[in-house]
Amino acid sequence: MVNDVNFRPWEDPEAAPLIDIANVTKRFGAFTAIHDLSLKIYPREFFAILGPSGCGKTTLMRMLGGFDEPTSGSINLEGEDLTGTSPAKRPVNMMFQSYALFPHLTVQDNIAFGLKREKMPKGEIAERVEQMLGLVQLQDFAARKPHQLSGGQRQRVALARALAKRPKLLLLDEPLGALDKKLREATQFELMGIQEQLGCTFVIVTHDQEEAMTVSSRIAVMKQGEIAQVAPPEQIYEAPASRYVADFIGDVNIIEGHVSAGGESRMSLSWREGEPELVVETGIGLPRGETAWLSLRPEKVSIATTRPETDNALQGKVLDIAYLGNVSTYHVELANGQVVKAQETNAGRSGNRGITWDDQVWVGWSAEAGVVLTS
Amino acid sequence: MTGRFSWFNATSVALGFAFLYIPILILIIFSFNESKLVTVWGGFSTKWYGELLQNEAYLNAAWVTLRIAFVTATVATALGTIAAMMLVRSGRFRGRTLFTGMVYAPLVMPEVITGLSLLLLFISIGMDRGMLTITLAHITFCMCFASVVISSRLVTFDSSLEEAAEDLGASPLDAFLSVTLPNILPAIAAAWLLTFTLSLDDFVIASFTSGPGATTLPMKIYSSVRLGVTPEVNALSTILIGLVATGVIVASLIGKRAERITEAT
């Protein structure tokens, strides 16, 4: 129920998590892949684990699937400790990045593979396979071998096979990585539809932030074996917990400064001598003199040839203009050499605002536009 | 490489092939010789093949050779599969390089040395030499060929397939039997055929490790040739060439086919 705004079990202290990862550490020799990580995932969530390669996200997923065991800590599923349980015995299935379809078996035999191991009666297997093929719209391809399918079709077979046993938890390892952009976007919505239809819990591992933002109810951003932030997509984007998260998700301007005048809701940030202080609306009070960073999304910064009537306005020179069709991004160099990106939507058919390279311009933003970060 | 045809290349290839195959071709032609004199052409005939079927000694040697080759191929392929799994799948373990080296060493070891060392071993443990010792010796040197063939297939085999099978509820053994084995079967078949032909045409190691009553076909041919080449030997050699060539060609065709399917997925 990703689309339901009231679906927020993580805010309910009474809600029982499906997966409870408690203080898990995983070492490979001297290398620590996961460091003291705790995380709760709730039933029917579409949970994304996002991070750059080498951040430990795949290791975390492999521990959920049972392919790796934690060095210390425990992983509980519905209150039962999964440690030591083989992948075969876990009510968890995985969709592999390479899809790992069995090349010698037909599509229907691939899907039936897990059901046969469950000793399910023949009639029921046929029924379930039919149902799964319908779910991924591959009814006409039941008798084909994997090498006779396109990349997108193979991805669907892998999904159907992993869902056939009705797992409590489905793990998806970079499920759409091998597809081209158009197909990937379409498949993201299909995945969401299937997840809602089955009411199953999905955990997706990805390095593609757009994918994570699109499909998930919550995102865990990982950094070097630890979780940097866990929150719903809009919160990750609008209220990042640190510069790392702000920088990892989308485009961002980071301006370093010192707190010059504190206040519970409004404060000033001095960022360069001789320049006007920045006014920021914050939810946190910070002591004077503390170093802080203003994180500002480019689309919240406006650009103009005359001084705008915004809370903050700074003058600079246009360094670069990136025309992307729907938006144009201006790179404006301020007096101290700091570059601020301002993004304007090209609502009209002409992206021309009378601003060109090396022009003196103003960039402006309101006090509420940015977030103050302390780490 | 662009397939540009040039007279220089064509001539080199022709000369190379001529050097390799003209002797064999002559042997095959003379096996159909009517005359009793090996080097004089007396017209076409298949009578020496007929004579061959009457020759008890040759038939016995052939039967011994085939039995040895069959057992050798089967055991060497099984052992080679296990060694290949170990080499490819277990990642790094202490002594991996040594293990790999020891598996592959017989590939480059002079046959005389392999034969001699095995002979010494059999003598020192007081083992009577015969079919059993030849078979054991053949398994020893054939195993490494089998493991080379099978491990080259295993390297390209996606190990997440086994994980997927286990994820879907298969035990490790079930995963191996129902997923890995069917997919490496072409390589196993190729390894079996290759080791079968290797055992079939081995002379050096067999002559070191054989005993009374256990004469293989190559040994029989060698000893008859010492008394003079007969058209019968030509006929027998032709049959042997046919068998070995068929084995090698089928093995490589199986390998090619499996490769194509792997590339397609």
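Basis of the calculations
- Residues numbered from 1 in each chain as written.
- Chains lettered and ligands numbered in written order.
- Predicted model: local features only at pLDDT ≥ 70, side-chain atom pairs only at ≥ 80, totals over all residues.
- Helix = DSSP H or I, 4+ residues; strand = E, 2+ residues; numbered from the N terminus.
- Buried ≥ 20, exposed ≤ 12 C-beta atoms within 10 Å, placed from the backbone.
- Contact = placed C-beta atoms within 7 Å.
- Nonpolar A, V, L, I, M, F, W, Y, C, P; charged D, E, K, R; others polar.
- Pairing = 2+ DSSP bridges.
- Axes fitted to C-alpha atoms, helices over the stretch in contact; angles between N-to-C directions.
- Domains from an automatic or database assignment.
- Parallel < 35°, antiparallel > 145°, perpendicular 65-115°, else oblique.
- Left-handed = near helix turned anticlockwise from the far one by under 90°.
- pLDDT = per-residue confidence, 0-100.

A.B. asks: Please provide a residue-by-residue account of the overall build of chain A, values included.
C.D. replies: Scanning chain A from terminus to terminus reveals eight helices and 20 strands. Each principal axis of the C-alpha distribution contributes one length, and for chain A these read about 80 × 50 × 40 Å. Burial analysis of chain A (375 residues in total) assigns 38% to the buried set. Here the contacts in chain A between residues at least 6 apart in sequence split such that 64% fall between residues at least 24 apart.

A.B. asks: Quick rundown of the interface of chain A and chain B? Include the residues and the values.
C.D. replies: Of the residues lining the interface, 20 residues belong to chain A; the matching set on chain B comes to 17 residues. Elements with a contribution of two residues or more to the side of chain A that touches chain B: β6 (92-95) and α2 (107-117) of chain A. With three residues, α2 of chain A is the single largest residue contributor to the side of chain A that touches chain B. When its residues are assigned to classes, the side of chain A that touches chain B shows ten nonpolar, seven polar and three charged.

A.B. asks: So what's going on with the sheet that holds strand β8 (residues 201-206) of chain A? Residues and values would help.
C.D. replies: All names here are of chain A. If you trace the six strands from one edge of the open sheet to the other, you get β6-β7-β8-β3-β9-β10, paired in mixed fashion. Each having just a single partner strand, β6 and β10 (226-231) make up the two edges of the open sheet. Going across the sheet, the axis of each strand differs from the next one's by a mean of 20 degrees, ignoring polarity. Where β6 meets strand β7 (residues 169-173), four bridges bridge the pair, whose relative direction is parallel. Paired with methionine 95 across the two strands is leucine 172, which belongs to β7.

A.B. asks: Lay out the pairing of strand β3 (residues 46-50) of chain A in plain terms, naming residues and giving numbers.
C.D. replies: Residue and element names in this part refer to chain A. Of all five residues in β3, five are buried; the element is thus mostly enclosed. By the alternation rule, side chains of β3 split into Phe46, Ala48 and Leu50 and Phe47 and Ile49, which are all buried. Pairing of β3 with β8 involves five bridges; the strand directions are parallel. For phenylalanine 47, the partnering residue across the bridge sits in β8 and is valine 203. Where β3 meets strand β9 (residues 218-223), four bridges bridge the pair, whose relative direction is parallel.

A.B. asks: Describe the sheet that holds strand β4 (residues 72-77) of chain A, listing the residues and the values that go with them.
C.D. replies: Residue and element names in this part refer to chain A. Spatial ordering of the open sheet is given by β2-β1-β4-β5, a layout of four strands whose pairing is antiparallel. Strand pairing shows two members of the sheet lacking a second neighbour, β2 (31-41) and β5 (80-81), which therefore form its edges. Pairing between strand β1 (residues 19-28) and β2: seven bridges, direction antiparallel. Within β2, the residue paired with isoleucine 21 across the bridge is leucine 39.

A.B. asks: A description of the domain arrangement of chain A should follow, citing residues and the corresponding values.
C.D. replies: All names here are of chain A. Domain boundaries assigned for chain A yield domain 1 (9-91 + 167-246) and domain 2 (251-373). Of note, the centres of domain 1 and domain 2, computed from C-alpha atoms alone, are 34 Å apart. Each partner contributes residues to the interface: domain 1 has five residues there, and domain 2 has six residues. Here the residues of the side of domain 1 that touches domain 2 sort into three nonpolar, one polar and one charged.

A.B. asks: Explain the packing of helix α4 (residues 96-108) of chain B against helix α6 (residues 131-155) of chain B to me, and be specific about the residues and the numbers.
C.D. replies: Residue and element names in this part refer to chain B. Axis separation between α4 and α6 bottoms out at 8 Å; the angle between their running directions is 110 degrees. Taken together, the axes of α4 and α6 lie roughly perpendicular to each other. Of the two possible hands of crossing, α4 and α6 adopt the one that is left-handed. Residues Val103, Tyr104, Pro106 and Leu107 of α4 touch α6, and the partners they reach there are Thr140, Phe141, Cys144, Ser147 and Val148. Partitioning the contact of α4 with α6 into residue classes produces seven nonpolar, two polar and no charged.

A.B. asks: Which residues make up helix α7 (residues 160-167) of chain B, and what are the values?
C.D. replies: In terms of burial, α7 of chain B is a largely internal element, six of the eight residues being buried. Taken together, the buried positions of α7 of chain B are occupied by Leu161, Glu163, Ala164, Ala165, Glu166 and Asp167 of chain B. Of the surrounding elements, those touching the buried residues of α7 of chain B are α1 (57-65) and β6 of chain A together with α8 (172-200) of chain B. A positive backbone phi angle near 110 degrees is found at glycine 169 of chain B, which sits one or two residues after α7 of chain B.

A.B. asks: Please provide a residue-by-residue account of the confidence of the model for chain B, values included.
C.D. replies: Here chain B averages 85 in pLDDT, and 95% of its residues register 70 or above. Reported for the predicted complex are a pTM of 0.78 and an ipTM of 0.81.

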